[in-house]
Amino acid sequence: MKHLMRASLLAISLGLAAGTASAADYRLNPFKLAYEGAITQNVPGEVNVHPVTYPLNGIEIAANFYTPPNFDVARKYPTIVISHPNGGVKEQVAGLYAQRLAEQGYITITADAAYQGASGGQPRSVDKPAHRIEDIHGMADFISRFPWVDTRRLGLLGICGGGG
């Protein structure tokens, strides 16, 4: 119950309370983000999204990392790895949380889990806890390579099944 309460308070503080976000037509967004208010272009001085891929256990993982407004490569930023719900992808609710947290000054990363979305792996649409743990470790390892990530302030946020 305490975990649900904390998640609800986080959602409210980020402006994600029920009714504040609705789906957008992802086909109209060059980043394929599927929520209202999603980034449609990278603009200097604002939150920006950076699509990337990286290998994880022989599988290519598709991810987006977000940089905060007025991002400065000479600084170190607290960073949050965000794991999407079961059956979701990085462009949905995890992307919304990533964008909102970046607005608050965090570097964030979210990736399609292995075997799902734009990430590789066969068979498709497999969601096993051991795989998801590797996905989360992979995101943390990937984003930690950048000099502007403060690895002493690296957090993990799992949404729904992504937090299981």
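Residues numbered from 1 in each chain as written. Predicted model: local features only at pLDDT ≥ 70, side-chain atom pairs only at ≥ 80, totals over all residues. Heavy atoms only, no water.

1. Observations concerning the overall build of the protein chain
Note the following rule: Numbering of helices and strands starts at the N terminus; helices are DSSP runs of H or I of at least 4 residues and strands are runs of E of at least 2. For every residue, the accessible area obtained with a 1.4 Å probe (protein chains only) is divided by the maximum for its type, and the residue is called buried under 20%, exposed over 50%, and partly exposed between those limits. Whether two residues touch is decided by their heavy atoms; if any such pair falls within 4.5 Å, the residues are in contact. For every accessible area listed, the method is Shrake-Rupley and the probe measures 1.4 Å; residues are considered covered only by the protein chains on display.
When helices and strands are tallied, the protein chain shows three helices and five strands. In the protein chain, the succession of α and β elements from N to C terminus is α-β-β-β-α-β-α-β. For the protein chain, the residues scored as buried account for 43% of the 164 residues in total. Of all intrachain contacts in the protein chain linking residues separated by at least 6 positions in sequence, the fraction that spans at least 24 positions is 63%. When the accessible area of the protein chain is evaluated, it comes to approximately 8800 Å², of which 57% is carbon and sulfur surface.

2. Here's the deal with the environment of valine 49
Among the structural elements, valine 49 can be located in strand S1 (residues 48-56). Leave out the neighbours within four places in its chain, and valine 49 touches Phe31, Ile39, Asn42, Asn64, Phe65 and Tyr66.

3. Some remarks on the confidence of the model for the protein chain
Going by this rule: pLDDT expresses, on a scale from 0 to 100, how confident the predictor is about each individual residue.
On average, residues of the protein chain score 88 in pLDDT, and 85% of them are at 70 or above. Low pLDDT, under 50, characterises residues 1-5; the stretch is placed with zero contacts to residues that sit more than four places away or in other chains.

4. So, the nonpolar core
Convention followed: Residues enter a nonpolar core if they are buried and are Ala, Val, Leu, Ile, Met, Phe, Trp, Tyr or Cys, with the set joined through side-chain atoms within 4.5 Å.
Among the nonpolar cores identified, the biggest contains 21 residues, and Tyr54, Ile61, Val81, Ile109, Met139, Ile143 and Trp148 are the most heavily contacted of them. Contacts of isoleucine 61, omitting those with residues within four sequence positions, involve Val52, Thr53, Tyr54, Leu56, Ala111, Asp112, Ala114, Ser119 and Asp135. Ranked by size, the runner-up nonpolar core spans 18 residues in total, among them Ala38, Ala94, Leu96 and Leu101.

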